[in-house]
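Residue-level structural notes
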Amino acid sequence: MRTLSRFGALSAVAAAALLCAPVAAHATAPGDNGTVKIHDAKTGDELRRNEPHVCTFYLDAFGFDGVQQVDWHIEAWAPTAHTKGETVKTGALTLDAEGHGRTENLSLPDGHYKLFWNFDGEKGSAKHKVFWTDCGTSQGGGSTPAPSPSAQGSEAPAPSASASASPSAQGGGSGDLAETGNGAPVGLLAGLAAALVAGGGYLVARRRRA
């Protein structure tokens, strides 16, 4: 009877150990059970839905082990990447006691990217998310604005040819011409008078000789 009692007790202990072992193993396994999301910068971190089309954004993690260490990086991805797999941004953070954490707001040029989320104790590959950044024309330049009317009116019109001539210069020229005209008749009359005087003297002398 004692042998049967001991055998029964040992069987019960072994059965309890087998039943508890999977629970204990699951309780101590590190957090492959967590998830990470892409969130627009305007979205609160209480939202657990992924947003794969963003402008400014952040990375939001839920359900990991408490105080878990995370390293992440983002790679340029096809079809927009010049070199697929080129790392364009990296970072690290420590999750809180509830396995939650988020990065600061991030930004990238418009294009297609892939997030790789690595953490302490992971059993498989990194968590990952593909997403697009598209800020449209909000970050772009624009057409060059036309000059304002005040700027156009600031240029003074070019002076005309008639306005460039000085009235004083014109007046001076006409005065010179008047002086030249007045002097020419005086000289002509003096010469004519001298010729007449000479001719008269010649005639008087000729008569005397005759």
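Residues numbered from 1 in each chain as written. Predicted model: local features only at pLDDT ≥ 70, side-chain atom pairs only at ≥ 80, totals over all residues. Heavy atoms only, no water.

**Here's the deal with the overall build of the chain**
Which entries qualify depends on this criterion: Put simply, DSSP marks the helices as runs of H or I at least four residues long and the strands as runs of E at least two long, and each gets a number from the N terminus on. Classification of residues uses two cut-offs on accessible area relative to the type maximum, computed with a 1.4 Å probe and protein chains only: under 20% is buried, over 50% is exposed, and between them is partly exposed. We call two residues in contact whenever any of their non-hydrogen atoms come within 4.5 Å of each other.
For the chain, the count of helices and strands is 4 helices and 8 strands. Ordered by position from N to C terminus, the α and β elements of the chain give α-β-β-β-β-β-β-β-β-α-α-α. Taken over 210 residues, the chain has a buried fraction of 22%. Counted over contacts in the chain with a minimum sequence separation of 6, partners at least 24 positions apart contribute 59%.

**Some words on the sheet that holds strand β1 (residues 35-40)**
To keep it simple, the criterion reads: In short, DSSP must find at least two bridges between two strands for them to pair.
Pairing is antiparallel across the open sheet formed by 3 strands, whose spatial order is β1-β3-β6. Single-partner strands in this sheet number two, and they are β1 and β6 (101-102).

**A few points about the confidence of the model for the chain**
Predicted coordinates in areas of low pLDDT are best not read in detail. Keep this limit in mind: Each residue gets a pLDDT score, which is the predictor's confidence in that residue and runs from 0 to 100.
In this model, the chain carries an average pLDDT of 72, and 53% of its residues clear a pLDDT of 70 or more. Segment residues 21-28: pLDDT under 50, and 0 contacts once partners within four positions in sequence are set aside and those in other chains are kept.

**Some words on the sheet that holds strand β8 (residues 127-133)**
Here 5 strands make up an open sheet; going across it, the order is β2-β8-β7-β4-β5 and the pairing mixed. Edge positions in the sheet fall to β2 (53-54) and β5 (87-94), since each of these pairs with one other strand and no more. The pairing of strand β4 (residues 69-76) with β5 spans 7 bridges and is classified as antiparallel. In the sheet register, Asp71 faces β5, and the bridge partner there is Ala92.

**Some details on the pairing of strand β3 (residues 57-62)**
Counting buried residues in β3 gives 6 out of 6 residues, a clear majority hidden from the surface. Here β3 shows no split at all, with Phe57, Leu59 and Ala61 on one side and Tyr58, Asp60 and Phe62 on the other all buried. Note: β1 against β3, 6 bridges, orientation antiparallel. Bridging across to β3, Asp40 finds its partner in Phe57. Bridge analysis of β3 against β6 gives 2 bridges, and the strand direction is antiparallel.

**Digging into the packing of aromatic side chains**
The condition that has to hold: Only the six-membered ring of Trp is used, alongside the rings of Phe and Tyr, when aromatic pairs are assigned; centres must lie within 6.5 Å, and planes under 30 degrees apart are stacked while those over 60 apart are edge-to-face, with the rest tilted. Criterion for a charge above a ring: Arg CZ or Lys NZ at most 6 Å from the ring centre, at most 35 degrees from the ring normal.
All chains considered together, the criterion is met by 5 aromatic pairs. The interplanar angle of 35° and the centroid separation of 6.4 Å between the aromatic rings of Phe64 and Trp117 together place this pair among those described as tilted. One end of the pair, Phe64, is in the loop between β3 and β4; the other, Trp117, is in strand β7 (residues 111-119), and 53 residues separate them in sequence. Residue Phe64 is classed as buried on the basis of its relative accessible area of 4%. Positioned over the ring face of Trp77 is Lys84, at 4.6 Å from the centre of the ring. In this arrangement the basic side chain of Arg102 is found over the ring face of Tyr58, its NZ or CZ atom lying 3.6 Å from the centre.

**Notes on the nonpolar core**
To keep things clear, this is the line we draw: As used in this record, nonpolar core signifies buried Ala, Val, Leu, Ile, Met, Phe, Trp, Tyr and Cys residues forming a set joined through side-chain atoms within 4.5 Å.
Of all hydrophobic cores here, the largest spans 20 residues; its most connected members are Phe57, Leu59, Trp72, Ile74, Leu115, Trp117 and Phe131. Put simply, the parts of the chain that give this core at least two residues each are β1, β3, β4 and β7. Those residues in contact with Trp117 that sit more than four places away from it in its chain are Val36, Leu59, Ala61, Phe64, Val70, Asp71, Trp72, Leu93, Leu95, Glu122, Ala126 and Lys127.

**Observations regarding unusual backbone geometry**
Of note, the bond from Ala78 into Pro79 is cis; its omega dihedral lies within 30 degrees of zero at 10°. Here Pro79 lies in the loop between β4 and β5. The backbone of Val67 shows a phi angle near 55°, a positive value even though the residue is not glycine. Positionally, Val67 belongs in the loop between β3 and β4.

**So, the environment of Lys127**
The criterion, for reference: Polar contacts, as used here, are pairs of N or O atoms within 3.5 Å; protein pairs need one atom able to donate a hydrogen and one able to accept it. Residues neighboring in sequence count only if both atoms are side-chain atoms.
Mapping Lys127 onto the fold places it in strand β8. A relative accessible area of 22% means that Lys127 is categorised as partly exposed. Separated by 3.0 Å, the side chain of Lys127 and the backbone oxygen of Gly34 make a polar contact.

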